[in-house]
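# Fold and contact review
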Amino acid sequence: MAATPAATRPAFPETFGHPRPLWMLFMSEFWERFAFYGMRWALALYIVDQFFSGDPSGQGYASRTYGAYLALVYATSIGGGFVADRLLGYQRSILLGAVIMGLGLFTITVPNQQVFIFGLALVITGNGLFKPNISSMVGQLYAEGDPRRDRGFTIFYMGINLGGFVAPIVTGWLASVITNTPQQQNYRVVFVATGIGMALSYLWFYFGRRQLGAIGRPPPGREGPKTMLAVIVGCALVAPIVYLLISQVGAYWLAWLLGALFVVVAIALVTEGLREGSIKRDRVIAMLVMFAFNVLFWMFFEQAGSSFNFLAENIVDRNLGGWEFPTGWFQSVNPLAIVLIAPLVALCWGWMSKRNIEPSIPRKFGLGLIGNALAFLVLMYALTNLVGPDNHIPFWPLVACYVLQTLGELCLSPIGLSMVTKLAPLRVVGLSMGGWFLSQAIGNNMSGLLAGSISGETGMTVASALGGFTFSFYLLGGAGVVLFVIAPLINRLMHGIK
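Residues numbered from 1 in each chain as written. Predicted model: local features only at pLDDT ≥ 70, side-chain atom pairs only at ≥ 80, totals over all residues. Heavy atoms only, no water.

To continue, consider the overall build of the protein chain. A count of helical and extended segments in the protein chain gives 15 helices and four strands. Relative to a compact globule of 498 residues, whose C-alpha radius of gyration would be 23 Å, the protein chain shows 22 Å and is just as compact. A principal-axis box enclosing the C-alpha atoms of the protein chain has dimensions of 65 × 50 × 45 Å. For the protein chain, the proportion of its 498 residues judged to be buried stands at 60%. Charged side chains in the protein chain number 30 positive and 21 negative. The centres of these two groups are separated by 12 Å. (Helix = DSSP H or I, 4+ residues; strand = E, 2+ residues; numbered from the N terminus. Rg over C-alpha atoms; globule rule 2.2 N^0.38 Å. Buried < 20%, exposed > 50% of the residue type's maximum accessible area, 1.4 Å probe, protein only. Lys, Arg positive; Asp, Glu negative; His and termini not counted. Charge placed at Lys NZ, Arg CZ, Asp CG, Glu CD.)

Now the structure itself:
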C-alpha cells in the first residue's frame, strides 16, 4: 500500500501550525497550476484564431474541444491514482507526470491542428499522474481525526489558486506586449511560458520530496526501475488513445464513455467498502452521492474557459478609461478572490467548529451550488437590463460572477478533497481521489457541450447567452436546495465523519 498508516507516520516539524511538507507541496502545486491556468484562458481563443481564422463559427468546436480536454485531464486521474497506489507510489508518479506535461505544453506551440491535439493529449496524460497524487499526499500528512486537515486542504487550495492568479496576469501580459504579430503567435508564446512553469514545478518537488519521508514511496517490491519503465511504456500507449478521443470521438460520445467509466469506478469502490464492513460501505455510498452533485457544480463553473471567455471577448465592454482590459485577466479574478477569501473561510469554519455549529459536508456542498447559481443570476440581470446600444454589457457583472462562483467553490472544492481522504477505504485512497476528479471530468465535458450550444453555429449572441445562463441558474439553484433537504440522510451514511 502506497498510503502510510497513521500509526507509522513520522511527526513532521511544523510551520505556522501545519506539517512542514505541506508548504513544499503548496509551492509544487503553485507552479503546476501556473502552467495549467496560464494556457487555459488562451486555449479556446487560440483554436478560433489559429484554425478558424478568427471566424465566430469556430466557437462551438473550440468550446467542445476545451470541454473534452478538461474532462480527460481529470478522467486520467483514475489511472494516475491506480498507478500511484499499486505501482509507482505518489512521489515518482508526480515526477513522471510533470515531465510528460512539460513536453505537451511545448508541443502545442506547433501551429498544426493534429500536432496541437497530440500536445493536449500529452498534457492530459501527464496531469493524470500529477494531479490526484499530490492532493492525496496532503491528506496523509495528518493523522486520522486531526481537525487541522480541512484547514490544511484550504491552505493547499490557496497554493493552487495563487498559481492560477499569477498565470493569466503574466501570460496575458505576454500576449499583449508582443506586437506586430498575429494574435495566434502571441498565444504560442503563452504556451512556452507555461512549459517553463511546469519545469519549475518538477524541480521544486524533486528537491523538496525528501521532507516527506516514507509518505508516497513505492509499494513494497515496486522500487526498481522496471516498474517505472513499464509505466512509461503505458503512458506512450495512453497518449495516442487520448488523441483519438479528442480528435475522433468528440465531446458527445465522450460523455457516454466517462459515464460508463464512472459506473465501473463506483462498483470498485462499493466492492472495497463491502469488503471492509457496513460502515465503510455506507461512507462510500455517501461519497458517491456527493460526486454526483460535484458533476453539476463543475458543468457550470467551467464556463469560465469557454462561454465566459467568448462573453468577455465579444459582449463585455472592456474599455476602462481608454485602456482595454485583457480578456485573459478575467481568469485571475477567481483565484485572486480565493487567495483573499480562503483564509477567512478557513477561520470561519474553525470558529463555527469550536461552537459546534459548523455546517456538515453536504450542506457546505449545497452552499457551493447556490453560490454558483447566484453568479449566473448576476449575468441574467445584466443581459436583460444592462445591454447598451452597442450590444455590450458593463464590465462589473462578469467580475461579480467570478467572485460569487469563488464563494461557491470554497464551500465545495477543498471540502470535497478533504472528504475523499476521510471517507475512502485506505487501500483505495488514490482510486477514490481519481473518482472525485472523474466526477469533475464529467462536469467539465458537459460544460463544453453547454458552451457549444450557447455559441451555436454562428457564435455567441446576447440572446443565446441569456438563454444558456438562465438554464444554468435554475438547475444549480434547484440542486442546492435538494442537497440541503437530503443532508441528514447523507450525514447518517457518513457515520460520524464531519
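As a further point, take helix α13 (residues 396-423). Between its first and last C-alpha atoms α13 spans 40 Å; for 28 residues at 1.5 Å apiece the expected length is 40 Å, and the two agree. Of all bends in α13, the biggest is about 40°, found at Glu-409. Along α13, 22 of the 28 residues are buried, which leaves the element largely enclosed by surrounding structure. (Expected span 1.5 Å × (residues − 1). Bend = angle between axes of the 7 residues up to and from the residue.)

Turning next to empty space enclosed by the protein. Scanning the model with the defined rule gives one cavity of 30 Å³ or more in all. Of the voids in this model, the largest cavity is the one considered here, and its volume is about 230 Å³. Looking at the largest cavity, it is lined by 23 residues, and the ones nearest its centre are Tyr-37, Tyr-74, Tyr-157, Trp-298 and Glu-409. The biggest single contributor to the lining of the largest cavity is α13, with five residues. (1 Å grid on protein atoms, 1.4 Å probe; cavity = no way out; pocket = protein on both sides within 12 Å on 5 of 7 lines; lining within 4 Å. Points joined across faces, edges and corners; volume = space filled by probe spheres on them.)

Under the definition given, this model contains nine salt bridges. In this structure, the salt-bridge partner of Glu-272 is Arg-275, at a minimum N-O distance of 2.9 Å. Remark: Arg-275 and Glu-272 occur in helix α8 (residues 225-276); sequence separation between them is three residues, near one turn of the helix. On the basis of relative accessible area, Glu-272 is assigned to the buried category, the value being 9%. (Salt bridge = Lys/Arg side-chain N within 4 Å of Asp/Glu carboxyl O.)

Let's shift gears to the layout of surface pockets. Here the second largest pocket is characterised by a volume of approximately 470 Å³. If you go around the second largest pocket, you meet 22 residues; those closest to its centre are Ala-75, Thr-76, Gly-79, Val-238 and Val-242. Put simply, the parts of the chain that give the lining of the second largest pocket at least two residues each are α2 (59-75), α3 (77-88), α5 (113-140) and α8. The element best represented in the lining of the second largest pocket is α8, accounting for eleven residues. For the lining of the second largest pocket, the residue count by class is 16 nonpolar, six polar and no charged. (Nonpolar A, V, L, I, M, F, W, Y, C, P; charged D, E, K, R; others polar.)

Purely spatial values, then, with no claim about function.
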